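In case you want the letters, here they are:
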Amino acid sequence: MDTIVLKKQDPKIKNDIAARTGAEKFKLCFTCGTCTASCPVAEVNEDYDPRKLIRMSIFGMRKGVLSSDIIWMCQRCYVCYARCPQNVKFADVMGVLREMSVEEGFSPKERIERIEELDRFAQDLRCNFVEQLINPDDKQRKKIVAMVDEKLNEKK
Ligand code: SF4
Ligand code: SF4
């Protein structure tokens, strides 16, 4: 693990985050790990760890947090929201980190909208896969391939 040089960090970030609607309680996190243990993204991506982002923010790692690809991985399913013993509302904290990332120039401004589109696409794709699982059909299979192909070829 990399050493954190505290004097090079920006301790103000924790207050900047906590000042925004939805993230007021984020400093109450006591790193219990319940969010990570119940998160569907963490289940498939070993680098995804919600409590680590909170610790990094508390340690003042502004650039590390706001430029992290990880803040875009959350699917905002609210599972952690319901289970957090400290009522941290991590899904909303993630929304705040995304806004700050865009505002401070770490991410392009259209990314928030593109991620929302991607989440809708993922749900649509899942429904089509379930349909194919239950009622296998060549037409349905071609539809799924076309959906993925179209998404991959969308203009960036
Ligand atoms: S469940 Fe809540 S308190 Fe526990 S690590 Fe996650 S955000 Fe922090
Ligand atoms: S809202 Fe995000 S961090 Fe929380 S469980 Fe869902 S995907 Fe994981």
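This structure is a prediction, so every number in the text was calculated from the model and none was measured.

Calculation criteria
Residues numbered from 1 in each chain as written. Chains lettered and ligands numbered in written order. Predicted model: local features only at pLDDT ≥ 70, side-chain atom pairs only at ≥ 80, totals over all residues. Heavy atoms only, no water. Domains from an automatic or database assignment. Contact = heavy atoms within 4.5 Å. Buried area = accessible area lost by both parts, 1.4 Å probe. Salt bridge = Lys/Arg side-chain N within 4 Å of Asp/Glu carboxyl O. Buried < 20%, exposed > 50% of the residue type's maximum accessible area, 1.4 Å probe, protein only. Helix = DSSP H or I, 4+ residues; strand = E, 2+ residues; numbered from the N terminus. Arc of directions from axis to C-beta. pLDDT = per-residue confidence, 0-100.

Chemist: Mind showing me how you'd approach the domain arrangement of the chain here?
Modeler: Where interface size is quoted, it is often the accessible area lost as the parts come together. Assigned domains within the chain: domain 1 (10-103) and domain 2 (111-152). Distance between the C-alpha centres of domain 1 and domain 2: 28 Å. Taken together, the contacts link five residues of domain 1 with four residues of domain 2. A per-residue breakdown of the area domain 1 buries against domain 2 is headed by W72, Q75 and R98, which together make up 76% of the total. Applying the counting criterion to the domain 1 and domain 2 interface returns zero salt bridges.

Chemist: Can you walk me through helix α4 (residues 50-58) in this structure?
Modeler: Since the α-helix advances by 3.6 residues per turn, residues separated by three or four positions end up pointing in the same direction. Among the residues of α4, P50, L53, I54, M56 and S57 are the ones counted as buried. Viewed end-on, α4 has its buried residues packed into an arc of 160 degrees, placing them on one side of the element. Taken together, the buried residues of α4 touch α1 (12-18), α2 (34-38), α5 (62-66) and α7 (90-103).

Chemist: I tried to follow the environment of D10 on my own but got confused; where do I start?
Modeler: Along the chain, D10 turns up in the segment before α1. According to the relative accessible area criterion, D10 is partly exposed, its value standing at 25%. Considering only alpha carbons, one finds D10 and K25, 15 residues apart in sequence, at a separation of 19 Å.

Chemist: Would you explain the confidence of the model for the chain in this entry?
Modeler: Detailed conclusions should not be drawn from predicted coordinates in areas where pLDDT is low. Residues with a pLDDT of 70 or more make up 95% of the chain, whose mean pLDDT is 91. Confidence, read as mean pLDDT per element, is least for helix α6 (residues 79-83) in the chain (89) and greatest for α7 (96).

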